[in-house]
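If you want the building blocks of each chain, they are given just below.
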Amino acid sequence: MVNLALDISKVFDFVSRDEIFSLQKEMTEHHKALLNRTGKGGDFLGWMTLPRDIDENLIQSIESDARRVAEMADIFVVIGIGGSYLGSRAVIEALSGYFEHFRSGREHPLVLFAGHQIDEDYHHDLLEILDKRDYALTVISKSGTTTEPAIAFRLLKSHLEKKYGDKGAGERIIAISDKSRGALKNLADIEGYKTYVVPDDVGGRYSVLTPVGLLPIAVSGFDIRELLHGAEHMMKLNEKSSIFDKNPAALYAATRNALFRKGKTTEIFVNYSPALSYFTEWWKQLYGESEGKENKGIFPAGASFTTDLHSMGQYIQEGLRLLFETVLLVDKPRSELIIPYETEDMDGLNYIAGRRMHEVNQMASLGTILAHTDGGVPNISITIPVIDELRLGELIYFFEISCALSGYMLGVNPFDQPGVEAYKKNMFALLGKPGFEQNTTELKKRLKG
């Protein structure tokens, strides 16, 4: 049984139900191409059956390594960028308490991240923390040469070796890389690191249900089996039918494309729980990197309400009418907090005294949905009962399938990312990387104007 609920009723003032459902034939063709792996990028669809096909021995190995890491370290550093860290971070932050780094008596290592940018101060401060704590790390890269994680791994590998010696450092490093080739794989073989494989047929942004995401999530103490079970629920639902009334992933893909064809070119993904902020970041990469090519694509933006209603709310309410919203709602929080009564009522809030904060948050979400639809912003709502591993697994697979189908509707290959190489070539030339020097002079002239 799938717990996720999709509501598209707040788009009907902008695109009718009949217009959306007229896309059923087109969707059925794309759905068939996806299942049969005959569409664009068909060689990168290994993620589609991961929840069912993942090997029990692999799961046990990940769980065993998570226990081993917990015995030797109180910090676990994940080195990676893009899909190599966003999926695990999204799940870990969704399931963790808000102030985990202040909690004493933790049973599981605190997971920190590196190599997802090139900020010197960030990595300097991280090393200062690691000087005083026992830690282990995983480095995630198919090639081992992606600039940001490669720099971070150089720094942390050197630090580990100085702190624990070559042998001790090697026991604290887990490499997740290509099966048989690449700089990281070669180094792991030489140094004897424990390794896991990034499957050849799974792209980075679809890799959260591989060791890329499962290892850090397991180290954090969360149930990766339940995460996979949730994803399997949605996978089975998707395999049964492409009919909109039976497949919410197909309906979401069709609805957002129907809105796009009506001129709604920007989708804002909204959460009402800060725990889901990095889920929003994962969603942005998934859709932005999958759809934004060939001068096509729905622009993916993100917002955390009610916080961003006090910064972006004015634009969303009355700015250019090219927006639509997808709102992720949660029925029940993990805790309970009652708003107290004040005798003087100086702030005028006694009218909500005795109510749960969650009820106020819910009314804020409903009021905002109505205000934004009245202001010309269509709204798609997705609701899950609670934030737990099972529901997050469902949600991850729901968005992955929807993204693939939506990319096909846009006429692009949702599984490649040719555009991300452009900045790298310029950066390499400016840094004087061998083989790129011929562009250095021209680029420096352009920068000077």
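Residues numbered from 1 in each chain as written. Predicted model: local features only at pLDDT ≥ 70, side-chain atom pairs only at ≥ 80, totals over all residues. Heavy atoms only, no water.

Let us now look at the overall build of the protein. Scanning the protein for helices and strands turns up 17 helices and 10 strands. In terms of C-alpha radius of gyration, the protein reaches 23 Å, essentially the compact-globule figure of 22 Å for 449 residues. Judged by the C-alpha coordinates and their principal axes, the protein covers about 65 × 60 × 55 Å. Residues classed as buried in the protein amount to 51% of the 449 residues present. Sequence-distant contacts in the protein: of pairs separated by 6 or more residues, those separated by 24 or more amount to 79%. (Helix = DSSP H or I, 4+ residues; strand = E, 2+ residues; numbered from the N terminus. Rg over C-alpha atoms; globule rule 2.2 N^0.38 Å. Buried < 20%, exposed > 50% of the residue type's maximum accessible area, 1.4 Å probe, protein only. Contact = heavy atoms within 4.5 Å.)

The strand order across the open sheet formed by 5 strands is E1-E10-E9-E7-E8, and the pairing between neighbours is mixed. Each of the sheet's edge strands pairs with one partner strand only, and the pair in question is strand E1 (5-7) and strand E8 (299-304). The mean inter-strand angle of the sheet, taken between neighbouring strand axes irrespective of direction, is 20°. Of the pairings in the sheet, the one linking strand E9 (residues 323-330) to strand E10 (residues 379-384) comprises 6 bridges and is parallel in character. Residue pairing for E10: Leu328 is matched across the bridge by Ile382. Contacting strand E7 (266-271), E8 and E9, helix H12 (residues 277-291) crosses the sheet at an angle of about 175° to E8. (Pairing = 2+ DSSP bridges. Axes fitted to C-alpha atoms, helices over the stretch in contact; angles between N-to-C directions.)

Here we come to the side chain of Thr138. Examined against the element boundaries, Thr138 turns out to sit in strand E4 (residues 135-140). With near-sequence residues (within four places) excluded, Thr138 lies in contact with Phe76, Val77, Val78, Ile79, Ile174, Ile176 and Leu215.

This next bit is on the environment of Ile173. Summarising the element assignment, Ile173 is placed in strand E5 (residues 173-177). Judged by its relative accessible area of 1%, Ile173 is buried. A C-alpha to C-alpha distance of 38 Å links Ile173 and Ser406, two positions 233 residues apart in sequence. Discounting chain neighbours no more than four positions away, the residues touching Ile173 are Leu137, Phe153, Leu160, Tyr193 and Lys194.

Taken residue by residue, helix H8 (residues 183-191) has Leu184, Lys185 and Ala188 as its buried positions. Buried residues of H8, seen end-on, are gathered within an arc of 100° and therefore sit on one face of the element. At its buried positions, H8 is contacted by E4, helix H7 (147-171), E5 and strand E6 (194-197). Phi turns positive one or two residues past the end of H8, at Gly192, with a value near 80°. (Arc of directions from axis to C-beta.)

Moving on, we get to the side chain of Thr210. Among the structural elements, Thr210 can be located in the loop between E6 and helix H9 (211-219). Under the relative-accessibility criterion, Thr210 is labelled buried at 1%. At 2.7 Å, the side chain of Thr210 and the backbone oxygen of Ser207 are in polar contact. Those residues within four positions of Thr210 in sequence are excluded, and the remaining contacts are Leu50, Pro199 and Val202. (Polar contact = N/O pair within 3.5 Å; in protein donor to acceptor, adjacent residues only side chain to side chain.)

A word on the pattern of salt bridges. Counted according to the given criterion, the structure contains 23 salt bridges. Between Glu26 and Arg261 there is a salt bridge, with its nearest N and O atoms 3.0 Å apart. In this pair, Glu26 is assigned in helix H2 (residues 24-36) and Arg261 in the loop between helix H11 (248-260) and E7, connecting sequence segments 235 residues apart. Note that Asp388 is salt-bridged to Arg391, the shortest N-O span being 2.6 Å. Residue class for Asp388 comes out buried when judged on its relative accessible area of 17%. The class for Arg391 is buried, based on a relative accessible area of 17%. Overlapping salt bridges, with partners in common, bring together Glu56, Glu63 and Arg225 in one network. (Salt bridge = Lys/Arg side-chain N within 4 Å of Asp/Glu carboxyl O.)

Taken together, the side chains of Asp119, Glu120, Asp121, Asp125, Glu128 and Asp131 make up a negatively charged region of the molecular surface. Following the sequence through the fold, Glu128 ends up in helix H6 (residues 120-131). For Glu128, a relative accessible area of 38% puts it in the partly exposed group. (Patch = residues over 30% accessible without salt bridge, like charges linked within 9 Å, V, L, I, M, F, W, Y side chains within 5 Å. Areas by Shrake-Rupley, 256 points an atom, 1.4 Å probe, with all protein chains shown as cover. Lys, Arg positive; Asp, Glu negative; His and termini not counted. Charge placed at Lys NZ, Arg CZ, Asp CG, Glu CD.)

Right, let's get into the packing of aromatic side chains. If you walk through the whole model with that rule in mind, you get 20 aromatic pairs. Taken together, a centroid distance of 4.8 Å and an interplanar angle of 25° make the contact between Trp47 and Tyr206 stacked. Taken together, the residues span a long stretch of sequence, with Trp47 in the loop between H2 and helix H3 (50-53) and Tyr206 in the loop between E6 and H9 at a distance of 159 residues. Between Phe398 and Phe399, the ring centres sit 5.0 Å apart and the planes meet at 75°, which makes this aromatic pair edge-to-face. Like Phe398, the residue Phe399 is buried in the burial classification. Put simply, the rings of Tyr252, Phe269, Phe279, Trp282, Trp283, Tyr287, Phe398 and Phe399 touch in pairs and so form one group of aromatic residues. The ring of Phe21 carries Arg17 above its face, with NZ or CZ at 3.9 Å from the centroid. (Phe/Tyr/Trp six-rings, centres within 6.5 Å; stacked < 30°, edge-to-face > 60°. Lys NZ or Arg CZ within 6 Å of the ring centre and 35° of its normal.)

Most often, soluble globular proteins have nonpolar side chains that are buried together. One finds Leu34, Trp47, Phe279, Trp282 and Phe399 to be the most contacted residues of the largest nonpolar core, which totals 90 residues. Counting residues in each nonpolar core, the second largest holds 20 residues, with Leu126, Leu160, Leu184 and Ala188 among its members. (Core = buried A, V, L, I, M, F, W, Y, C linked by side-chain atoms within 4.5 Å.)

A separate point is the pairing of strand E3 (residues 110-114). Burial of E3 is extensive: 4 of the 5 residues sit out of reach of the surface. In this fold, strand E2 (residues 75-79) hands off to helix H5 (residues 86-95), which returns the chain to E3; that crossover is right-handed. (Right-handed = clockwise from strand over helix to strand, strands pointing away.)

Right, let's get into the sheet that holds E6. Strand order in the open sheet formed by 5 strands is E3-E2-E4-E5-E6, and the pairing between neighbours is parallel. Bordering the open sheet on either side are E3 and E6, each of which pairs with just one other strand. Strand after strand, the sheet turns through a mean of 20° between neighbouring axes, direction not considered. As judged from the 5 bridges shared by E2 and E3, these two strands associate in the parallel manner.

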